[in-house]
Amino acid sequence: MRLTRVYVDAPLAAGTRVTLEGGAASHVARVLRLRVGEALTVFNGSGGEYAASIEQVHGGRVAVTIGEPRAVERESPLTLTLAQGVSRGERMDLVVQKATELGVSGIVPLFTERSVVRLGAQQAERKLNHWRAIAIAACEQSGRNRLPNVAPPVSLEDFLRAGDAGRSAPPARLLLSPAAALRIAEVPRPVEGITVLIGPEGGLTDAEQEAAVATGFTPVRLGPRVLRTETAAIAAVTFLQCEFGDL
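All of these numbers come straight from a predicted model, not from anything done at the bench. (Residues numbered from 1 in each chain as written. Predicted model: local features only at pLDDT ≥ 70, side-chain atom pairs only at ≥ 80, totals over all residues. Heavy atoms only, no water.)

Following the sequence through the fold, Val 150 ends up in strand 8 (residues 149-150). Note on Val 150: relative accessible area 2%, which makes it buried. On a C-alpha basis, the gap between Val 150 and Gly 59 in space is 32 Å, while along the polypeptide they are 91 residues apart. (Helix = DSSP H or I, 4+ residues; strand = E, 2+ residues; numbered from the N terminus. Buried < 20%, exposed > 50% of the residue type's maximum accessible area, 1.4 Å probe, protein only.)

Hydrogen bonding along the main chain pairs the strands of a sheet, whether they run parallel or antiparallel. Strand order in the open sheet formed by 5 strands is 1-3-4-5-2, with mixed pairing between adjacent strands. Edge positions in the sheet fall to strand 1 (5-7) and strand 2 (17-20), since each has one partner strand and no second. Neighbouring strand axes in the sheet, compared pairwise and without regard to direction, differ in orientation by 40 degrees on average. Pairing of strand 3 (residues 39-43) with strand 4 (residues 49-58), which is carried by 4 bridges, proceeds in the antiparallel orientation. The residue of strand 4 that forms the bridge with Val 42 is Tyr 50. Relative to strand 5 (residues 61-70), helix 1 (residues 22-31) is tilted by about 90 degrees, and along the sheet it contacts strand 1, strand 2, strand 4 and strand 5. Contacting strand 1 and strand 3, helix 3 (residues 121-142) runs over the sheet at an angle of about 150 degrees to strand 1. (Pairing = 2+ DSSP bridges. Axes fitted to C-alpha atoms, helices over the stretch in contact; angles between N-to-C directions. Contact = heavy atoms within 4.5 Å.)

Within the structure shown, the criterion is met by 15 salt bridges. Across the pair Glu 49 and Arg 5 runs a salt bridge, and its minimum N-O distance is 3.3 Å. Of the two residues, Glu 49 sits in strand 4 while Arg 5 sits in strand 1, which places them 44 residues apart along the sequence. For the pair Glu 49 and Arg 5, a shared accessibility class is recorded, and that class is buried. In this structure, the salt-bridge partner of Asp 158 is Arg 161, at a minimum N-O distance of 2.6 Å. Of this pair, Asp 158 and Arg 161 are both found in helix 4 (residues 156-162), 3 residues apart, which corresponds to roughly one turn of the helix. For Arg 161, a relative accessible area of 56% corresponds to the exposed category. Salt bridges here are not isolated pairs; linked through shared partners, they connect Arg 88, Arg 91, Glu 201, Arg 228 and Glu 230. (Salt bridge = Lys/Arg side-chain N within 4 Å of Asp/Glu carboxyl O.)

The end-to-end C-alpha distance of helix 2 (residues 89-101), which contains 13 residues, comes to 19 Å, matching closely the 18 Å that a straight helix rising 1.5 Å per residue would cover. Of the residues making up helix 2, those classed as buried are Met 92, Asp 93, Val 95, Val 96, Ala 99 and Thr 100. Seen end-on, helix 2 carries its buried residues on one side only, within an arc spanning 160 degrees. Two residues or fewer past helix 2, Gly 103 is found with a positive phi of approximately 100 degrees. (Expected span 1.5 Å × (residues − 1). Arc of directions from axis to C-beta.)

Looking now at the nonpolar core. Core analysis: the biggest nonpolar cluster contains 32 residues, and Leu 80, Ile 198 and Leu 240 have the highest contact counts within it. Elements with a minimum of two residues in this core: strand 6 (80-85), helix 2, strand 7 (106-111), helix 3, strand 10 (172-176), strand 11 (194-198) and helix 6 (229-244). By residue number, the principal contributor to this core is helix 6, which donates 6 residues. Ignoring anything within four residues of it in the chain, the contact list for Leu 240 reads Leu 78, Leu 80, Leu 174, Ile 184, Ile 194, Val 196 and Gly 245. Ranked by size, the runner-up nonpolar core spans 17 residues in total, among them Val 8, Leu 12, Val 28 and Leu 34. (Core = buried A, V, L, I, M, F, W, Y, C linked by side-chain atoms within 4.5 Å.)

Hairpin connection of strand 3 to strand 4: 5 residues between the antiparallel strands, including Gly 45 at a positive phi of 90 degrees. Here 8 bridges tie strand 4 to strand 5, and the two strands are oriented antiparallel to one another. Across the sheet, residue Glu 49 finds its bridge partner in strand 5, namely Arg 70. Hairpin connection between strand 4 and strand 5: a loop of 2 residues separates the two successive antiparallel strands, and Gly 59 in this loop has a positive phi of roughly 60 degrees.

Spelled out as structure tokens, the structure:
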């Protein structure tokens with residue numbers, strides 16, 4: 001039987017004890033109704049996982065005893081970053097969830113000219129925490145032991161200006177566009193990593209696509225049909241993992 005996996009934002013070591021609080025404790029004690037003595041698997045996002053068991057359930061807290069480490073890794077060999085135009089509500093949540101399940105290394109939410117969603121500083125921080133919580137839950141479900149980096153949302157202009165400074169081996173930079181001549185399967189090999197850029201509802205403007213190409217992005221297409229932004233993200237990540245990763 002597969003054990004419940006729980007993310008713990010703390011250092012982990014065999015023989016120590018950690019306390020689950022908030023949503024994690026509620027999920028274990030109230031949703032799953034786990035009791036003292038039952039087994040868990042815990043991880044802190046830095047790699048590997050630990051056997052664990054419930055020692056105490058009290059109020060809104062669950063005390064867990066950490067057991068032996070397991071050197072388990074389920075990361076893709078492909079370093080894949082999804083630069084995604086921010087879409088509304090559940091659409092963006094779905095993209096974060098499924099991209100995490102499919103093994104992306106990072107997600108960069110982007111504000112573009114056609115972005116319907118506009119966020120102030122406080123709203124952006126709340127959204128970022130929300131997206132990171134979705135990524136954590138997706139790691140718990142999918143078996144990943146390393147959290148993808150969900151970056152603070154930025155404008156497309158700032159994202160393109162930042163480029164890949166500081167990287168010894170810049171990744172291939174792909175711009176998903178239904179009008180592109182090149183298919184993803186035709187991207188030249190080898191690649192050290194990939195950054196794929198996808199627009200929001202309504203897509204990127206011609207000027208934004210030209211700016212992306214000017215900074216090194218290569219337009220690619222998935223097929224002859226125009227996909228919704230959340231469909232395009234899931235399909236592109238899946239195809240890239242099939243071609244260059246571990247699917």
